[in-house]
Amino acid sequence: MVQIAVAQLAPGQDKERNLADAARLVADAAGRGARLVVLPEYAMFTAPKMDERFAETAEPLDGPFVSGLLRLAREHGVHVVAGVNETVDVPGRASNTLVAAAPSGEIAATYRKLHLFDAFGYTESDFVHPGDTAAAPETFEVGGVVFGLQTCYDVRFPEVTRRLVDAGADVLALPAAWVPGPLKEDHWRTLVRARAIENTIYVAAAGQCAPTGAGNSMIVDPMGVTVASLGEGTGIAAGEISAARVAEVRKKNPALTLRRFGVSPL
């Protein structure tokens with residue numbers, strides 16, 4: 001069994017304060033025995049409106065914020081997954097990037113958001129450069145359990161998760177900044193559980209909370225059972241996961257071996 005946690009907070013425009021808030025949650029989770037902590041999307045910087053500030057405040061992966069995440073992972077002996085706005089060679093744009101920081105103080109995996117949030121009145125693509133669909137999924141292991149990464153709006157595209165499962169993932173780490181709105185919280189809960197059920201994997205979904213996000217962070221098991229969850233406030237939810245549980249569910253429901261279609265990028 002491996003203890004993991006999802007950490008929910010409301011990042012703002014002060015990157016140092018955001019890192020300090022993340023540090024408190026990581027310390028809390030590590031103190032409860034967590035070996036991996038998932039923080040939200042845009043944990044480094046969030047503004048009330050998606051605009052040029054997301055590109056202007058972007059940093060390289062060897063910049064101060066990611067260096068701080070690596071320091072946290074090393075100090076507490078845990079893996080830390082968090083969303084950052086990363087510099088790219090495209091004027092006026094940043095990459096919406098996930099970083100998995102390892103206890104060694106090195107980056108274990110990265111993921112750059114593929115499906116940008118151009119929906120519900122938002123146009124993330126005005127300021128964010130999408131990830132490369134041809135890039136092979138990066139995974140990493142914690143206690144014999146394999147983790148994969150994807151971001152927020154990607155959860156509406158089931159082929160992204162399926163490709164991670166094909167790469168060997170037992171758990172999807174899903175940082176998000178899910179924007180509140182009519183039926184949006186219901187969509188979030190439904191989609192997170194659906195990705196777990198259809199792929200027979202765990203999903204560790206960490207969202208921003210009010211005022212920027214809808215909260216509802218959760219850990220869901222391969223049968224769609226909620227292991228741990230949060231409401232609308234800052235905090236952590238922790239639970240145990242295991243590769244044995246994944247194997248048990250896949251024996252009962254061998255949907256992955258029975259399928260007749262694969263996944264390939266357009």
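Use the structure listed above.
Residues numbered from 1 in each chain as written. Predicted model: local features only at pLDDT ≥ 70, side-chain atom pairs only at ≥ 80, totals over all residues. Heavy atoms only, no water.

Draft legend 1. Spatial organisation of the overall build of the protein chain. Of regular secondary structure, the protein chain possesses 7 helices and 13 strands. By the compact-globule yardstick of 18 Å for 266 residues, the protein chain fits well, its C-alpha radius of gyration being 17 Å. C-alpha atoms of the protein chain, sized along the principal axes, occupy 50 × 40 × 35 Å. Look at the contacts in the protein chain between residues 6 or more apart in sequence, and 68% of them connect residues 24 or more apart. For the protein chain, the computed accessible surface area is about 11100 Å², with 53% contributed by carbon and sulfur atoms. With 25 positive and 31 negative side-chain charges, the protein chain shows a spacing of 6 Å between the two charge centroids. (Helix = DSSP H or I, 4+ residues; strand = E, 2+ residues; numbered from the N terminus. Rg over C-alpha atoms; globule rule 2.2 N^0.38 Å. Contact = heavy atoms within 4.5 Å. Areas by Shrake-Rupley, 256 points an atom, 1.4 Å probe, with all protein chains shown as cover. Lys, Arg positive; Asp, Glu negative; His and termini not counted. Charge placed at Lys NZ, Arg CZ, Asp CG, Glu CD.)

Draft legend 2. Here's a closer look at the packing of aromatic side chains. Summed over all chains, the structure comprises 8 aromatic pairs. With a centroid separation of 5.3 Å and 85° between ring planes, the pair formed by F45 and F54 is classed as edge-to-face. A relative accessible area of 3% places F54 in the buried class. Clustering of aromatic rings is evident, with ring pairs tying together F117, F120, Y122, Y153 and F157. The aromatic ring of F120 is capped on one face by K184, whose charged end is 4.7 Å from the ring centroid. (Phe/Tyr/Trp six-rings, centres within 6.5 Å; stacked < 30°, edge-to-face > 60°. Buried < 20%, exposed > 50% of the residue type's maximum accessible area, 1.4 Å probe, protein only. Lys NZ or Arg CZ within 6 Å of the ring centre and 35° of its normal.)

Draft legend 3. Layout of the pairing of strand β9 (residues 171-176). In terms of burial, β9 is largely enclosed, as 6 of its 6 residues are buried. The sheet contact formed by strand β8 (residues 145-149) and β9 spans 3 bridges and is parallel. Its bridge partner lying in β9, G148 is registered against L172. A crossover connection joins β8 to the parallel β9 through helix α4 (residues 158-166); in handedness this β-α-β unit is right-handed. Here β9 pairs with strand β10 (residues 202-207) via 6 bridges, running parallel. Opposite P175, over in β10, you have A206 as the bridge partner. (Pairing = 2+ DSSP bridges. Right-handed = clockwise from strand over helix to strand, strands pointing away.)

Any functional reading would require information beyond the geometric quantities listed.
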